[in-house]
Every structure is written in C-alpha cells, then in structure tokens.
Amino acid sequence: MYIGEVSKKTSLSIKAIRFYEAKGLINPPKRVGRYRVYQAADVDLLILIKQAKQLGVSLSQLKGVIVYQDGKLDWLRIKLFLAELRVQLKAKIADLTANIANIDECSRQIDTDHSLSD
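Here's a quick rundown of the structure. Just so we're clear, the structure is a prediction, and the values are computed from it rather than from any experiment. Position numbers for residues count from 1 along each chain, tracking the sequence in the order it is written. With pLDDT at 70 or above as the cut-off, local features in this predicted model cover only qualifying residues; side-chain atom pairs require 80 or more to be listed or tallied, and sums for whole chains, interfaces and linings still use all residues. The basis for every side-chain value is the complete set of non-hydrogen atoms in the structure, without hydrogens or water.

**Details of empty space enclosed by the protein**
- In this analysis a 1.4 Å probe is tested at points of a 1 Å grid over the protein atoms alone, and where it fits but cannot get out there is a cavity; an open set with protein on both sides within 12 Å along at least five of seven lines is a pocket; lining residues have an atom within 4 Å of a point. Grid points are joined across faces, edges and corners, and a volume is the space filled by probe spheres set on the points. Taken as a whole and judged by the stated rule, the model has 1 cavity of 30 Å³ or more.
- Taken as a whole, the largest cavity holds about 40 Å³ of empty space.
- Runs of E in the DSSP output that reach at least two residues are strands. Runs of H or I that reach at least four are helices, and both are numbered from the N terminus. Elements represented by at least two residues in the lining of the largest cavity include exactly α3 (40-54), α4 (59-65) and α5 (75-113).
- Sorting elements by how many residues they give to the lining of the largest cavity places α5 first, with 3 residues.
- Side-chain classes follow a simple rule in which Ala, Val, Leu, Ile, Met, Phe, Trp, Tyr, Cys and Pro form the nonpolar group, Asp, Glu, Lys and Arg form the charged group, and the remainder, Gly included, forms the polar group. Looking at the lining of the largest cavity, its residues break down into 8 nonpolar, no polar and no charged.

See below:
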C-alpha cells in the first residue's frame with residue numbers, strides 16, 4: 001500500500017511516517033517506481049510506535065527495541081519490552097495510589113485536629 005493509505009490507517013501524517021523511516025524505526029519500504037510500498041507489518045509497527053509515544057516511550061528507547069532479523073521484525077523482543085513497560089506502569093500506579101492514600105490521611109488528620117468550620 002502507498003504512504004497515503006498507511007497514513008489513513010495509522011492516523012499518522014505522511015511527514016511522521018517518513019520521519020520514523022529516516023530514524024530507522026521502520027525498514028525502508030520497497031519502491032515501485034518512485035512510490036514507497038508498505039506492508040501490513042509496517043502499519044502494525046507504526047501503530048505500535050504511535051501508541052508507545054503516547055505512553056511516554058522515547059524514540060531512542062523504541063530504536064533499541066525495534067530490531068529486524070533477516071528482514072523480519074523481532075516481535076518477541078517488542079513483546080518483552082511491552083511486558084517490562086507494563087511492570088513499570090503498574091509500579092507507577094502503586095506509587096500514585098500510595099500518594100493518594102497519604103493525602104487522604106493528611107486531610108482526615110486535619111479534620112480531626114482542627115475544626116475548619118469556625
């Protein structure tokens with residue numbers, strides 16, 4: 001498929017797709033004449049990159065994870081990265097939950113120690 005169709009399927013701009021290609025995050029697509037021809041796996045990877053960026057993953061982190069072997073993407077490596085990212089996000093959730101509990105306790109303590117209705 002051509003870059004315009006990839007752009008529609010991924011909701012990425014053509015400029016962003018070319019940028020990710022230039023950064024080496026996706027393999028350069030085959031060319032037919034002067035047109036780039038992308039595969040379904042390229043679309044899947046671009047969607048993954050977009051979602052990872054929304055989670056705060058840097059392009060340099062992604063560059064270290066997105067590896068091609070014999071021209072094929074190493075999806076297992078990506079899956080392991082996502083599993084580690086999940087663990088990190090769960091730890092952040094636990095930290096935030098503990099912080100909220102501390103705030104609630106401070107608020108209760110103020111209610112107990114200081115009458116705010118005066």
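**Let's talk about the side chain of R36**
- One can find R36 in strand β2 (residues 35-37).
- Whenever a nitrogen or oxygen atom comes within 3.5 Å of another N or O atom, the pair is scored as a polar contact, on the condition that within protein one atom can donate a hydrogen and the other can accept it, and that pairs from neighbouring residues in sequence are kept only if both atoms are in side chains. Among the polar contacts listed, one links the side chain of R36 to the side chain of E21, at a separation of 3.1 Å.
- Should any heavy atoms of two residues lie within 4.5 Å, those residues are counted as being in contact. Contact partners of R36, with chain neighbours within four places excluded, come to M1, Y2, I3, R18, E21, P29, K30 and R31.

**Points about the layout of surface pockets**
- One number sums up the size of the largest pocket: a volume of about 230 Å³.
- Contributing to the lining of the largest pocket are 13 residues, with Q39, A41, D42, Y68 and G71 lying nearest its centre.
- Looking at which element gives the most residues to the lining of the largest pocket, the answer is α3, with 3 residues.
- Residues of the lining of the largest pocket, tallied by class, amount to 7 nonpolar, 3 polar and 3 charged.

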